[in-house]
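Structural overview
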Amino acid sequence: MNGETNSAQEITELRKQMIKYEKIIEDLSAPIIPSIVPETILVPLTGVLSVGRFMHIQEKIVQRISANNILTVVIDFTDISTLAVEENMGYELLSEKINELVSVLQLMGTETIFVGFSPEFAQNLILSNVSKFNQIRAFTNFREGLRYLLDQKGMEIVYKK
């Protein structure tokens, strides 16, 4: 009987550890990086997007905005593959989630900028028949998005002599 109790305790401890590690992995899967542009954060997305992961990322962004004075969120899709989207969420669902995120952030007074959509990725999003993409500000890459932000804030990068 004592052996069974120890096994049950070990299983319980292993489950607790697994939950702890899953939380760590979840947090690492949604990095938020402060930008050199004031009141701006960068959210580089990598790997596979699922509904759960996208909702987790949205929650982390919303928490960061409410805890800090964030006026702009730059979300980078450069490392998201079109094949991974097709196999997991599909473009229609991803489009809906993107629109929801933009709407939530707009209500919080925060602008959302997207960077890194490949031509194929962009076409698939538009073909998903979600209509709000004309309201989304997007740039080819982070450099172009950063140029836009600097211009909007009246800032420029000055090289040292």
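I will try to describe carefully the structure that is included in this document. (Residues numbered from 1 in each chain as written. Predicted model: local features only at pLDDT ≥ 70, side-chain atom pairs only at ≥ 80, totals over all residues. Heavy atoms only, no water.)

1. Concerning the environment of Leu105
Of note, Leu105 is situated in helix α4 (residues 91–107). Overall, Leu105 belongs to the buried group, its relative accessible area being 0%. Each C-alpha atom, one on Leu105 and one on Gln58, is 9.2 Å from the other, the two residues being 47 residues apart in sequence. Setting aside residues up to four positions removed in sequence, Leu105 forms contacts with Ile61, Val62, Ile65, Val73, Thr110 and Thr112. (Helix = DSSP H or I, 4+ residues; strand = E, 2+ residues; numbered from the N terminus. Buried < 20%, exposed > 50% of the residue type's maximum accessible area, 1.4 Å probe, protein only. Contact = heavy atoms within 4.5 Å.)

2. Some words on the pattern of salt bridges
Counted under the stated rule, the structure contains 5 salt bridges. Glu111 is the salt-bridge partner of Arg137, the closest N and O atoms lying 3.0 Å from each other. Residue Arg137 is found in strand β5 (residues 137–139), and its partner Glu111 is found in strand β4 (residues 111–115); the two are separated by 26 residues along the sequence. Among the residues examined, Arg137 registers a relative accessible area of 37% and is labelled partly exposed. (Salt bridge = Lys/Arg side-chain N within 4 Å of Asp/Glu carboxyl O.)

3. Comments concerning unusual backbone geometry
Unlike most non-glycine residues, Glu39 shows phi in positive territory, near 60°. Inspection of the secondary structure assignment puts Glu39 in the loop between β1 (33–34) and β2 (40–46).

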